[in-house]
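Take a look at the letters that make up each chain.
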Amino acid sequence: MKPLHEPLFGVPASAGATLPPKSGERAGRGVVIAIDGASASGKSTNARIVARALGFIHVDTGAMYRTLAWYCLKKGVDVHDAKAVAALCSQWNATLDCVDNAVRLLVDGCYPAREIRTVQVSEATPLVAAVPKVRQWMKETQRQCLQFGSLVMEGRDIGTHVFPGAQFKFYLDASLSERAKRRAAEGIRENIAARDERDIRRAAAPLQIAPDAIVINNSQLTSAQTSAQILARVRKEPAPV
Ligand code: DC
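## Quick look at the overall build of the protein
Thought 1: A count of helical and extended segments in the protein gives 9 helices and 7 strands.
Thought 2: Counting the 241 residues in the protein, one finds 51% classified as buried.
Thought 3: Excluding contacts between residues fewer than 6 apart, the proportion of contacts in the protein whose partners are at least 24 apart in sequence is 77%.
Thought 4: Accessible surface, the protein as shown: approximately 11200 Å² in total, 52% of it carbon and sulfur.

If you want it as structure tokens, here you go:
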């Protein structure tokens, strides 16, 4: 394990899912808005809108897992071999930066923006994301994003594992047919049901709804309506938002 540096968040990096989420708890030096949900539930679009509206930093944690999967493929590491994936993750030269209010995970100083969106990488990513040592590394690294400011962090386990004490937790959902339609409209052929199954069934940090998360089913909502609901809830809080 090679943490980038000491976590700034008040919860120790070793703390796991067993930490009870405390609603209203402040995350040390910054505010965290966790947006979790399944594939094509609108996390990325809404997280970006909310971050922009509040002047917060956007963090796409899926991109981080994709980056490791891409790097495994590039280095010829078998993504089915959990030990080999964990070994690579403990050694790679990965650093964080923040550009235009968005955090990026760089490998050897480069951000593989386009490379991580290929079909091969999409298929390899759930395998890499199921490795417990990878999830531990990602959790520690994602907590370090607070060095850049208050966060809107999207993923699958942000409200349950990465920031169980996040001030705001949202879980976005939509019907399977609506999510499949969205992916198709993006020109992406994806078996959403299979992806859901893998995300929900994996032993390490499976996709779950945090008990204190606000669930928004946006099957019938536009992203403007979904993000407005999130922003309304966040702005109800007196400070520091
Ligand atoms: O959100 P996305 O489609 O870019 O995510 C890519 C993969 O990473 C997906 O299989 C779920 C996984 N993932 C995860 O396990 N935990 C996260 N916090 C974010 C993504």
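## What to know about the packing of helix 1 (residues 43-54) against helix 9 (residues 223-235)
For any two helices packed against each other, the geometry comes down to the angle between their axes and how far apart the axes lie.
Thought 1: Interhelical geometry of helix 1 versus helix 9 gives an angle of 45 degrees and a closest axis separation of 9 Å. Judged on the interaxial angle alone, helix 9 and helix 1 are oblique. Helix 9 is crossed by helix 1, and the crossing has right-handed handedness. Contacts between helix 1 and helix 9 involve Thr45, Asn46, Ile49, Val50, Ala53 and Leu54 from the first element and Ser223, Thr226, Ser227, Ile230, Leu231, Val234 and Arg235 from the second.
Thought 2: Each residue belonging to the contact of helix 1 with helix 9 can be placed in one class, and the counts come to 7 nonpolar, 5 polar and 1 charged.

## Remarks on the side chain of glutamine 167
Thought 1: Inspection of the secondary structure assignment puts glutamine 167 in the loop between helix 6 (158-162) and strand 6 (168-173).
Thought 2: Among the polar contacts made by the side chain of glutamine 167, one reaches the main-chain carbonyl oxygen of glycine 30 at a distance of 3.3 Å.
Thought 3: Here the side chain of glutamine 167 touches valine 32 through a polar contact of 2.8 Å, landing on its backbone nitrogen.

## Description of the site of the ligand
Thought 1: For the ligand, the set of nearby residues contains 14 residues, the closest of which are Arg66, Arg135, Arg156, Asp157 and Arg195.
Thought 2: A distance of 3.0 Å is found between a nitrogen atom of the ligand and a side-chain nitrogen or oxygen belonging to threonine 61.
Thought 3: Arginine 135 is positioned with one of its side-chain polar atoms (N or O) 2.9 Å from an oxygen atom of the ligand.
Thought 4: Protein contact buries 95% of the 450 Å² of open area that the ligand shows by itself.
Thought 5: Elements with a minimum of two residues in the shell around the ligand: helix 2 (61-75), helix 4 (119-129) and helix 8 (192-201).
Thought 6: Tallying contributions element by element places helix 2 first for the shell around the ligand, with 4 residues.
Thought 7: Class assignment for the residues of the shell around the ligand results in 3 nonpolar, 4 polar and 7 charged.

## Considering the pattern of salt bridges
Thought 1: Enumeration according to the criterion identifies 11 salt bridges in this entry.
Thought 2: Across the pair aspartate 157 and arginine 135 runs a salt bridge, and its minimum N-O distance is 3.0 Å. Of the two residues, aspartate 157 is situated in the loop between strand 5 (151-155) and helix 6 and arginine 135 in helix 5 (residues 132-143); the sequence distance between them amounts to 22 residues. Each member of the pair, aspartate 157 as well as arginine 135, is classed as buried.
Thought 3: Its salt-bridge partner being lysine 181, residue glutamate 178 comes within 3.6 Å of it at the nearest N-O pair. Here the residue glutamate 178 and the residue lysine 181 both occupy positions in helix 7 (residues 176-185), the gap between them amounting to 3 residues, near one helical turn.
Thought 4: Residue classification places lysine 181 among the exposed positions, given a relative accessible area of 55%.

Each value, and the rule that gives it
- Residues numbered from 1 in each chain as written.
- Predicted model: local features only at pLDDT ≥ 70, side-chain atom pairs only at ≥ 80, totals over all residues.
- Heavy atoms only, no water.
- Helix = DSSP H or I, 4+ residues; strand = E, 2+ residues; numbered from the N terminus.
- Buried < 20%, exposed > 50% of the residue type's maximum accessible area, 1.4 Å probe, protein only.
- Contact = heavy atoms within 4.5 Å.
- Areas by Shrake-Rupley, 256 points an atom, 1.4 Å probe, with all protein chains shown as cover.
- Axes fitted to C-alpha atoms, helices over the stretch in contact; angles between N-to-C directions.
- Parallel < 35°, antiparallel > 145°, perpendicular 65-115°, else oblique.
- Left-handed = near helix turned anticlockwise from the far one by under 90°.
- Nonpolar A, V, L, I, M, F, W, Y, C, P; charged D, E, K, R; others polar.
- Polar contact = N/O pair within 3.5 Å; in protein donor to acceptor, adjacent residues only side chain to side chain.
- Near = heavy atom within 4 Å.
- Salt bridge = Lys/Arg side-chain N within 4 Å of Asp/Glu carboxyl O.

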